[in-house]
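# Structural characterization, general
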Amino acid sequence: MRIGFIGAGRVGFTMGKYLKLSGLEVTGYYSRNPKHAEEAATFTDTSFYKDAYKLIDESDAIILTVSDGAISEVFSEIKSYAGLAGKIVCHTSGSLASSVFTDTEYQVYGYSIHPIYAISDRYESYKEFSNAYLTIEGDEKYLDELTLLLRGAGLKIAKMSGDEKTRYHAACVMASNLVCGMYGAAVGTLISCGFDKDTAESMLSELFKANALGIVEKGLTNQLTGPIDRNDVSTVTAHLATLDAEQKKLYVEASKQVLSIAKEKNPDTDYTEMEKILNNLK
């Protein structure tokens, strides 16, 4: 299967490089910014296309690695091209389903393939891409073939329903972007204790890394520590008394999730008082 990319940002660079190194046939790149497409083609040792239609002609599958907001717009520009008929069209959005590839003059087979992976560097992220989990949904015709193709490239794949894409993406955000918010709140709280920003971040870095690694390696319940796990009502009460309204709200909502994990870990512990504190806070 010959795979072409429309869009040459971090995702396009990373997926193209990884798939090419895994032995798949990557035709090359087209982008509205020709310089980006040329750079991606050079980086992946593939072809640079000045014409999107030529890329389509020379590819069996086209992956749109553009921003979520641009997917429908880009597809509208190519969907009436006869050369697209019978081909596979994919996007890599976490929140959008394959149903964006509808209302076409010719039959195309649409898929969403989303990597649950923080692609932060267009030149480096491919090196750890095999650690990513990818979800796929779309037309039944090539769903199994695409799944086997990606698994053959060493990637972990899970099929899902397009109806659940937005809810699924919210879960991904909770585990990644929203963690940044929680970490930022912790840094801010330390700054309010009198530490400067650099010191605060340095103080928390190893704690954060060790906890994240522990969750991955040991699982949530085994990694859980802290006052809620210990059912230390007095400490949690004292924490809440020192926090401002916004910090307190964040602490309580996160603590409710932690409490559900603690109950699973310690089924014989009576968390009634802890539950009252977290649920009755005004």
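Notes on the structure in this doc start here. Note that the coordinates shown come from a computational prediction; the quantities given were computed from them, not determined experimentally.

## Observations concerning the packing of helix α6 (residues 165–175) against helix α7 (residues 177–192)
The contact between α6 and α7 brings their axes to 3 Å, and the two run at 30°. Listed contacts from α7 to Val173, Met174 and Ala175 of α6 are Asn177, Leu178 and Val179. Along the lines of polarity and charge, the residues of the contact of α6 with α7 split into five nonpolar, one polar and no charged.

## Topic: the side chain of His114
Here His114 shows up in strand β6 (residues 109–116). Among the residues examined, His114 registers a relative accessible area of 11% and is labelled buried. Only 2.5 Å separates the side chain of His114 from the side chain of Tyr168, close enough to count as a polar contact. Excluding anything up to four places from it in sequence, His114 contacts Thr92, Ser93, Gly94, Tyr133, Leu134, Thr135, Tyr168, His169 and Cys172.

## A word on the sheet that holds strand β4 (residues 61–64)
Note: strands within a sheet are paired through backbone hydrogen bonds, in either parallel or antiparallel orientation. Reading across the sheet, the eight strands line up as β3-β2-β1-β4-β5-β6-β7-β8 and stay open at both edges, with mixed pairing between neighbours. Since the sheet does not close on itself, it has two edges, and those belong to β3 (47–48) and β8 (156–159), each with one partner. Alignment of strand β1 (residues 2–6) against β4, held across four bridges, turns out to be parallel. Opposite Ile3, over in β4, you have Ala61 as the bridge partner. Against the sheet, helix α1 (residues 10–21) touches β1, β2 (25–30) and β4, its axis set at about 160° to β2.

The rules behind the values
Residues numbered from 1 in each chain as written. Predicted model: local features only at pLDDT ≥ 70, side-chain atom pairs only at ≥ 80, totals over all residues. Heavy atoms only, no water. Axes fitted to C-alpha atoms, helices over the stretch in contact; angles between N-to-C directions. Helix = DSSP H or I, 4+ residues; strand = E, 2+ residues; numbered from the N terminus. Contact = heavy atoms within 4.5 Å. Nonpolar A, V, L, I, M, F, W, Y, C, P; charged D, E, K, R; others polar. Buried < 20%, exposed > 50% of the residue type's maximum accessible area, 1.4 Å probe, protein only. Polar contact = N/O pair within 3.5 Å; in protein donor to acceptor, adjacent residues only side chain to side chain. Pairing = 2+ DSSP bridges.

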